[in-house]
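One letter stands for each residue in the lines below.
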Amino acid sequence: MRAELPSLLVSFALGITSVFAQSGELTMPKSIEAGAAFSIQSGGSGKGTLYIAGPGQFIKQDVQLGGEIAIAAGSLYNAGHYGVWLTSDSSTQIGSIDVVPAQKPSDITFIAKPSRLPVAMHNAITGSAYVFDAYGNLITRPMQVSFQLSNPGTSPQTRTVESRNGAAWTQMDSASREGKAQFVARVGDVSSTRIVGQVPGDPCTIKMSAKPAGNKIQLVTVPVRDCTGNAIPDGTIVTFTETYGDVKSTVDVPLKKGIASVEMPSHRGATISVASGVVLGNQIRWAQ
Amino acid sequence: MMPKHLVLLSAFGIALSAFAADQPTVHVQPPHLQGPRELQDQTARAVVENYLDSWKSMSKALDQNRADLLDRDFVGSAREKLAATIKQQQAAAVRTSYQDRSHDVQILLYSPEGLSIQLADNVEYEVQLSAGGKSIGTQRVKARYIVVLTPSEVRWRVRIFQADAQ
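Every value quoted in this text rests on a predicted model; they were computed, and no experiment measured them.

Conventions we followed
Residues numbered from 1 in each chain as written. Chains lettered and ligands numbered in written order. Predicted model: local features only at pLDDT ≥ 70, side-chain atom pairs only at ≥ 80, totals over all residues. Helix = DSSP H or I, 4+ residues; strand = E, 2+ residues; numbered from the N terminus. Expected span 1.5 Å × (residues − 1). Buried ≥ 20, exposed ≤ 12 C-beta atoms within 10 Å, placed from the backbone. Contact = placed C-beta atoms within 7 Å. Pairing = 2+ DSSP bridges. Axes fitted to C-alpha atoms, helices over the stretch in contact; angles between N-to-C directions. Parallel < 35°, antiparallel > 145°, perpendicular 65-115°, else oblique. Left-handed = near helix turned anticlockwise from the far one by under 90°. Nonpolar A, V, L, I, M, F, W, Y, C, P; charged D, E, K, R; others polar. Domains from an automatic or database assignment.

**Q** Describe helix H3 (residues 76-92) of chain B, and please don't skip the residues or the numbers.
**A** Counted at 1.5 Å a residue, the expected span for H3 of chain B with its 17 residues is 24 Å, and the 25 Å between its end C-alpha atoms agrees. Along H3 of chain B, the positions that sit buried rather than exposed are Ser77, Ala78, Lys81, Leu82, Thr85, Ile86 and Gln89 of chain B. Among the structural elements, strand S5 (57-64) of chain A together with helix H2 (41-64), strand S2 (94-110) and strand S5 (156-164) of chain B are those in contact with the buried residues of H3 of chain B. One or two positions beyond H3 of chain B, positive phi appears at alanine 93 of chain B, with a value near 55 degrees.

Here it is, written out as structure tokens:
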């Protein structure tokens, strides 16, 4: 016993596997595809208990020793590494098995951002995808993932990306025309679609005209558009500013049917400017 | 003879205690990023720390067969699969004790929209299977884990947790 104690501690320190007597390694496949049937060749005789343990799954099965133990299809399906123990009254046999994801993709998780953005933005739409098998295992072998962004009235943008460790991503430009785009990620015959709203960008220019209206000036813009010709949405604020001497008057007006219109006090020599957001329009000096 | 058994059990118990108190060695490689999104050092540190914490949670949860211990660090399919394993262990009246010995972690992807980070971990751990308070056996494992974490309110949580075949 004195001789056994140090050797047991050394064995433990080396990570040798069991506190029970062990009579060998199990004969079994090194790896299987998720959900596949397989068999384990056991030694000994009589009845035993089989344990297959991993973080992803646990299986316990009463078995007859000394023959082939069949594990039915669909029993072990979560990808990962599993320790295997086969115990009887007198011995424990051990083994291990890796479960790899099934070959066929069955699901794709697809995140597209943003869901709404201005037109004509370079690389502003991103999509990232993770590819899974029927058991929800991440398929880590490289696969061709295609991303397609389709805008009404224009040819679609397509990128094909090889997944790495189950993940693929891409970047796309927003279209020059406003509207809803379909963003599709596809692998094999599995696809996932997201809708990306593309809205007009900032006004490209703002041009106003002025005419007298009694003792006031009527100011009207031409229809306000972005730089690719999309109408700026109604409700967008246009700011008119009249400066006369030390007096400055400002009026915010929402666009209605694409134009902004307002009446301001008429002062000979006043300067009137128009702007929306950071975009500055023309300036008028009122001479009447 | 009896006292010698006790000495043996006692020595074993001390070894186990020392074992349990052991912290794994951790090596973090510089990120090998695919993707356009820049990864700040603070984010990278938080992700690795939260991921290492998840091993502690998983180990406790599988050892005590308590799925609620997963809630802080796991979400989505990773949590569902671990919780299912705990149910299967409970039904079989067994428990598993995971002791991670070393990690070699590298961040692989920060997704462009910032909603997921993928890392690989070459991990060494020991797993002990016990039934009825008795150990059935311990195995030492080297595995490469592929992990995807997603941000939650205050920390990154593990959403995909999967050992890749070596």
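Once you've had a look at it, read on.
**Q** Describe unusual backbone geometry, naming the residues involved and giving the relevant values.
**A** Trans peptide bonds make up the majority, and among non-glycine residues the majority have a negative phi. That bond from lysine 113 of chain A to proline 114 of chain A is cis: its omega, -10 degrees, falls within 30 degrees of zero. As for its position among the elements, proline 114 of chain A is in the loop between strand S9 (107-113) and strand S10 (116-118). Notably, asparagine 65 of chain B is not glycine yet its phi reads approximately 50 degrees, a positive angle. In this fold, asparagine 65 of chain B is placed in the loop between H2 and H3. One non-glycine residue, alanine 93 of chain B, adopts positive backbone phi at about 55 degrees. Structurally, alanine 93 of chain B can be placed in the loop between H3 and S2.

**Q** Summarise the pairing of strand S8 (residues 92-100) of chain A; cite the residues concerned and give the values.
**A** Residues and elements named next belong to chain A. Counting buried positions along S8 gives 8 out of 9 residues, so the element sits mostly inside the fold. Bridge count for strand S2 (residues 31-33) against S8 is 3 bridges, and the pairing is parallel. Bridging from a neighbouring strand, glutamate 33 pairs with valine 100 of S8. If you look at the hairpin formed by strand S7 (residues 80-87) and S8, you'll find 4 residues sitting between the two strands.

**Q** With reference to specific residues and values, describe the environment of methionine 172 of chain A.
**A** Residue and element names in this part refer to chain A. Relative to the helices and strands, methionine 172 is located in strand S14 (residues 167-172). Among the residues examined, methionine 172 registers 23 C-beta atoms within 10 Å and is labelled buried. Put simply, methionine 172 and isoleucine 71 are 101 residues apart on the chain and 47 Å apart in space, counted from C-alpha to C-alpha.

**Q** Give me the packing of H2 of chain B against H3 of chain B: which residues, what numbers.
**A** Residue and element names in this part refer to chain B. The interhelical angle for the contact between H2 and H3, taken along N-to-C directions, is 25 degrees, at an axis separation of 9 Å. Relative to H3, H2 is oriented roughly parallel. Judged by the sense of rotation from one axis to the other, the crossing of H2 with H3 is right-handed. Only Leu82, Thr85, Ile86 and Gln89 of H3 make contact with H2, whose side of the interface consists of Met58, Ala61 and Leu62. Residue composition of the contact of H2 with H3, grouped by class: 5 nonpolar, 2 polar and no charged.

**Q** So what about the domain arrangement of chain A? Which residues, and what values?
**A** Put simply, an interface is often sized by how much accessible area is lost when its parts join up. Segmentation of chain A into domains returns domain 1 (17-100), domain 2 (107-199) and domain 3 (203-285). Just the C-alpha atoms count here: the centres of domain 1 of chain A and domain 2 of chain A sit 42 Å apart.

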